[in-house]
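Here is what each chain is made of, one letter per residue.
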Number of protein chains: 2
Amino acid sequence: MRAVVPYDGKRPKTRLAPMLTADERAAFSRAMLDDVLAALSAIGAGCSVLSTVPLDTAVATVVVDDRPLTDAVNRFLDSVEESIAVVMADLALATPDALTRLTSTEADVAIVPGRGGGTNALVVRHDEFRVDYHGGSYLDHRRIAREIGASVSVVDSYRLGTDVDEPADLVEVLLHGEGRAATWLADAGFEVATEADRVRIRR
Amino acid sequence: MRAVVPYDGKRPKTRLAPMLTADERAAFSRAMLDDVLAALSAIGAGCSVLSTVPLDTAVATVVVDDRPLTDAVNRFLDSVEESIAVVMADLALATPDALTRLTSTEADVAIVPGRGGGTNALVVRHDEFRVDYHGGSYLDHRRIAREIGASVSVVDSYRLGTDVDEPADLVEVLLHGEGRAATWLADAGFEVATEADRVRIRR
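Computed from a predicted model, the values in this text were never measured in an experiment.

Peer 1: Is there a simple way to explain the overall build of chain A in this structure?
Peer 2: Along the backbone of chain A there are seven helices and nine strands. For 203 residues, the compact-globule estimate of 2.2 N^0.38 gives 17 Å, and the C-alpha radius of gyration of chain A, at 16 Å, lies within 12% of that figure. Within chain A, the proportion of its 203 residues that are buried is 57%. Residue pairs in contact within chain A that sit at least 24 positions apart in sequence constitute 61% of those at least 6 positions apart. For chain A, the computed accessible surface area is about 8,400 Å², with 47% contributed by carbon and sulfur atoms. Separation between the mean location of the 22 positive side-chain charges and that of the 32 negative ones in chain A comes to 3 Å.

Peer 1: Explanation requested: the pattern of salt bridges in the structure shown.
Peer 2: A side chain with one charge may pair with a side chain of the opposite charge, provided their charged atoms come close. The final tally for this structure, using the stated rule, is 34 salt bridges over all chains. Its salt-bridge partner being Arg67(A), residue Asp65(A) comes within 3.2 Å of it at the nearest N-O pair. By relative accessible area, which is 6% here, Asp65(A) ends up buried. Here Asp156(A) and Arg101(B) are joined by a salt bridge, their closest N and O atoms 3.3 Å apart. Of the two residues, Asp156(A) sits in the loop between β7 (152-154) and α5 (158-161) while Arg101(B) sits in helix α3 (residues 96-103), which places them in two different chains. For Asp156(A), a relative accessible area of 13% translates into the label buried.

Criteria and cut-off values
- Residues numbered from 1 in each chain as written.
- Chains lettered and ligands numbered in written order.
- Predicted model: local features only at pLDDT ≥ 70, side-chain atom pairs only at ≥ 80, totals over all residues.
- Heavy atoms only, no water.
- Helix = DSSP H or I, 4+ residues; strand = E, 2+ residues; numbered from the N terminus.
- Rg over C-alpha atoms; globule rule 2.2 N^0.38 Å.
- Buried < 20%, exposed > 50% of the residue type's maximum accessible area, 1.4 Å probe, protein only.
- Contact = heavy atoms within 4.5 Å.
- Areas by Shrake-Rupley, 256 points an atom, 1.4 Å probe, with all protein chains shown as cover.
- Lys, Arg positive; Asp, Glu negative; His and termini not counted.
- Charge placed at Lys NZ, Arg CZ, Asp CG, Glu CD.
- Salt bridge = Lys/Arg side-chain N within 4 Å of Asp/Glu carboxyl O.

In structure tokens form, the structure reads like this:
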């Protein structure tokens, strides 16, 4: 299967500003991208990164497109004939097993919802399906599929359902991450701190 | 399989106070409990509710125990010989499919982590395993299993990984819930409101 990973290299992960400097956010977001590409490569997916800036990587082709996410992904979908996975670059908990559960679905459109009604990953096997990431994209993607008569499968994955946007998400990377992003956080001095009823991150 | 669902009927869901009155929290938490019991019953599990207060339900036996969660669950584990699922009462997105993925594991201990390092569901097949829900219980349960030589499986489920504790969790129930809790929220006037990059709940 082909996979495309949209990546914003211009101002990555601004909502992590309370925890990380701009340079740190750039390095951490790149570590997450590399984890996603490694997990996709491990299941045999041919990867393209759809990046807002030029990017060096040995494991994916890079398509530079600085248009908004929805437009860039839809142009990419226009350009390919085969079925394709669209996987966000900040799924730092992605593993080959979790991605296999996504790609082994048979529906025309498979969706992994993220927290707050977003769409963290898709598999598109219907040539009329186009994305709309603005607002509550999970409901929109279900509606779009319904309108074109495409069957939908929703994949139940905590790993793929966890996108790393906000400070509270970082503890999930330390708890469950198995790749470079988790190592990057540990090297940057972050650790898990136990509180009364849950754990949080501490630096 | 036997399943035990701990339920605090005394002061349920206090962190939802910004959104719901005490009476509403009681009704909503009961709707979530009923959803969990219905999903467990649908996969053939014999259910016990381990409740801090007496409770009327036709689909489960009720064991009243007002001790802290960890003590009450461990006493229950002491009392049964067979393998047992321990499922939190606020997993309002639980479905029979998701629970089947949990109960069909073969490890001595199967764990579904929740957001923030908690333990949302367990299957215990090792007679020495005991729980410790205080603090970051996911890491503690892995450690406890390691110490007694029990094999561990971690189940990757967004549905079971989502416990409903805080106002932001309510939107997940509206988006993905299929039972009484989702209906209760809709009847109480809650709806999904689309913002720029995600959806939130509105009343």
